[in-house]
Structure formats: C-alpha cells, structure tokens
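Take a look at the letters that make up each chain.
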Amino acid sequence: MKNKIENASVADLKNGFIPTERFIDKAQGYTCLFCHTGYDADDIYAWKKLLVNGKKAIKLHIHDNHGDVFNALLSQDKAQTGLTDTQKEFLMNYYSGMKDKEIAEKMNISESTVRYQRYSFREKAKQAKIILALYELLEIEEEKWKVWEEEEKKSGKPVAENAKMLETLFESFSPLVLKTYEFGKRKEEKKILVLKTIVQQFEKDRKYAEKEVTAILKPIYDDHATIRRDLIDYGFMGRTGDCREYWVKENLNKF
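Everything numeric in this text was worked out from a predicted model, so none of it was measured. (Residues numbered from 1 in each chain as written. Predicted model: local features only at pLDDT ≥ 70, side-chain atom pairs only at ≥ 80, totals over all residues. Heavy atoms only, no water.)

K.L.:
Report on the overall build of the chain, specifying residues and quantitative values.
P.N.:
Counting its regular elements, the chain contains 12 helices and nine strands. By the burial criterion, 36% of the 255 residues in the chain qualify as buried. Long-range pairs, those at least 24 residues apart, make up 43% of the contacts in the chain between residues at least 6 apart in sequence. When the accessible surface of the chain is totalled, it reaches about 16,200 Å², and 50% of it is carbon and sulfur. (Helix = DSSP H or I, 4+ residues; strand = E, 2+ residues; numbered from the N terminus. Buried < 20%, exposed > 50% of the residue type's maximum accessible area, 1.4 Å probe, protein only. Contact = heavy atoms within 4.5 Å. Areas by Shrake-Rupley, 256 points an atom, 1.4 Å probe, with all protein chains shown as cover.)

K.L.:
Lay out helix α10 (residues 187-199) in plain terms, naming residues and giving numbers.
P.N.:
For α10, which comprises 13 residues, the first-to-last C-alpha distance of 18 Å matches the rise-based estimate of 18 Å (1.5 Å per residue) to within 8%. For α10, every residue scored as buried is listed here: Lys191, Leu193, Val194, Leu195, Lys196, Thr197, Ile198 and Val199. (Expected span 1.5 Å × (residues − 1).)

K.L.:
Let's hear about the packing of aromatic side chains: which residues, and what values?
P.N.:
Scanning all chains against the criterion turns up seven aromatic pairs. Ring plane angle 85° and centroid distance 4.9 Å describe the contact between Tyr39 and Tyr45, whose orientation is recorded as edge-to-face. The buried category is assigned to Tyr39, whose relative accessible area is 15%. Centre to centre, the rings of Phe90 and Tyr94 are 5.7 Å apart; their planes meet at 50°, and the pair counts as tilted. Note that Phe90 and Tyr94 are positioned in helix α6 (residues 85-95) at a spacing of four residues, about one turn of the helix. For Phe90, a relative accessible area of 3% translates into the label buried. Looking at Tyr94, the relative accessible area reads 28%, which means it is partly exposed. Taking the ring centre of Tyr94 as reference, the NZ or CZ of Arg118 above it sits at 4.1 Å. (Phe/Tyr/Trp six-rings, centres within 6.5 Å; stacked < 30°, edge-to-face > 60°. Lys NZ or Arg CZ within 6 Å of the ring centre and 35° of its normal.)

K.L.:
Residues and numbers for the pairing of strand β6 (residues 170-173), please.
P.N.:
Within a regular strand, the side chains alternate between the two sheet faces. Bridging between β6 and strand β7 (residues 176-178) involves three bridges; their strand directions are antiparallel. Within β7, the position partnered with Phe173 by the bridge is Leu176. Between β6 and β7, which pair antiparallel and follow one another directly, the connecting turn spans two residues. (Pairing = 2+ DSSP bridges.)

K.L.:
Go over the environment of Ile18, please, and point to the residues and values.
P.N.:
Structurally, the position occupied by Ile18 is in strand β1 (residues 17-23). Classification of Ile18 as buried rests on a relative accessible area of 14%. Filtering out sequence-adjacent residues up to four positions away, Ile18 remains in contact with Lys4, Ala8, Asp12, Gly29, Tyr30, Thr31 and Leu33.

K.L.:
Explain unusual backbone geometry to me, and be specific about the residues and the numbers.
P.N.:
The amide bond that connects Ser174 to the next residue, Pro175, takes the cis arrangement and shows omega of 5°. With respect to the secondary-structure elements, Pro175 resides in the loop between β6 and β7. With a phi angle near 55°, Lys48 is a residue other than glycine that sits in the positive phi range. Positionally, Lys48 belongs in the loop between β4 (44-47) and β5 (50-53).

K.L.:
Which residues make up the packing of helix α11 (residues 210-217) against helix α12 (residues 224-233), and what are the values?
P.N.:
Two numbers describe how α11 lies on α12: the axes approach to 10 Å, and their chain directions differ by 115°. When the axis of α11 is compared with that of α12, the two are roughly perpendicular. The handedness of the crossing between α11 and α12 is right-handed. Of α12, the residues touching α11 (which contributes Glu210, Val213, Thr214 and Leu217) are His224, Ile227, Arg228 and Leu231. When grouped by side-chain class, the residues that make up the contact of α11 with α12 number four nonpolar, two polar and two charged. (Axes fitted to C-alpha atoms, helices over the stretch in contact; angles between N-to-C directions. Parallel < 35°, antiparallel > 145°, perpendicular 65-115°, else oblique. Left-handed = near helix turned anticlockwise from the far one by under 90°. Nonpolar A, V, L, I, M, F, W, Y, C, P; charged D, E, K, R; others polar.)

K.L.:
Go over the nonpolar core, please, and point to the residues and values.
P.N.:
Core analysis: the largest hydrophobic core is formed by 28 residues, its most contacted members being Phe170, Ile198, Phe202, Ile227 and Leu231. Of all the secondary structure elements, the ones that give two or more residues to this core are α9 (160-169), β6, β7, α10, α11, α12 and β9 (246-248). Counting residues per element, this core draws most heavily on α10, which supplies five residues. Listed in part, the 17 residues of the second largest apolar core include Phe17, Leu33, Cys35 and Ala72. (Core = buried A, V, L, I, M, F, W, Y, C linked by side-chain atoms within 4.5 Å.)

See below:
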C-alpha cells in the first residue's frame, strides 16, 4: 500500500482513503490507504444494524480497523513520514490535547523544548507547502513534455511545432483540462491535435463501458459528449453498434 499513500493527495491523506474511478472495472469506489479494502460507491453495505453506502462504509472501515486517521498516518515508517520516533511521540501528545507542561513531564524535556518543537513543526509545514507546490508544477511540466514527445514519435515532427499550439489549447496537462473546443484558424489541425492528446488518457487493449468513457472525459471538458463523438468519428476510438463498449484503435499514425 506504500504507493497508494505516496500518490495520494493531501485531501485523500486526511480522509484516509482514495476515490477509484474504475473500481473493479464497473463503477466508482473508494479504497483504504492503509490496506487493500475497497468499497463500490453504488453498493449498500451492512454495518451493525445499519445499511450504508460505499463512502460511509469506507469511513466506518477505517475507524473500526485503523482507528484515528492521524495516528494511522503517524504509524507509517520513517521513509514515508520523515519523522523520528521522538517527533512522532511529540505529535501524538500534541494531537491528544496535552498541555506543554504535561508533554514536558511525559517526555522528560523542558517546556521551552516543547514550545520549540511546536514552532519547528509549524515552520516545516509551511515549507512543505512550497515544496509540494514546486513538485506539482514540475509534474505538470513533465506530463506536458511526455505528451509532446509522444506526438513527436507518432508524427516524426519536432516537438516544438506542436508545443505552442498545445499550450494555447489546454488549461493544464496534469490533470488534462481543455480550455475550449471551439477553434478559429487551422480548425481541423487543432481538433486532431486535441483528440490525439485526449485519447492518450485511455489504455490500449482494453474495452470501456460508456459510463467509464464519460468518467474520463468529463473532467477534461464539459461537453464530453461531443468529444466522445469526435473520437469515434475521427477514428481514434471504436465502439460496438449498441454503444456498450468502446476501445482505442490501434493505428493512429495516419493522423
């Protein structure tokens, strides 16, 4: 579960679980960060004498099996938290609501040391915000270059030819968010470039239900129905006659 914790957002870490867009290849769901347990968002689960939905079930699971999320996170090894055992003990006491004098007596340190630890922790938290912002900005740049390099491999053209155009078309590349699907000059060229970028969000050699396609396209652009239709019409994706299954077409180099 180490990767799940490392890849989780701050909000997910505070919740103790992550949303899973294609849980069991059927629907949205939730997976515990501290074990492999998952719950389908559309199912109903029995808890004691109550019936609860998937989101409530994952919260109850964490409470019953892992206790407080704060302490569950604090119990992770030093490689993940960066905290020594002494720092963990201090934070646990701090979180429990103990006064400075009580913490000092319990840990056999001075009250001034306790106050310094509080100050030090707040400063590290401020620094961590900057580091996290820098890291996320680097990830965005890295994802953008991956998209461009993929374009270069397929088209045989230098990355720079499409780089500026992609920057004007997309709000961000991680996550992928399209600014507009209305184009002025070079309309077809821009549309094909957008569709080629979007189709990379789908896995090859996999069949998707329409609901899954919508779940991937909706965060990219509000008019996801038009994007889905054009992916089909322009030959980037195929689908069955009853629209039950969608897939990425193998030969996209013609575009």
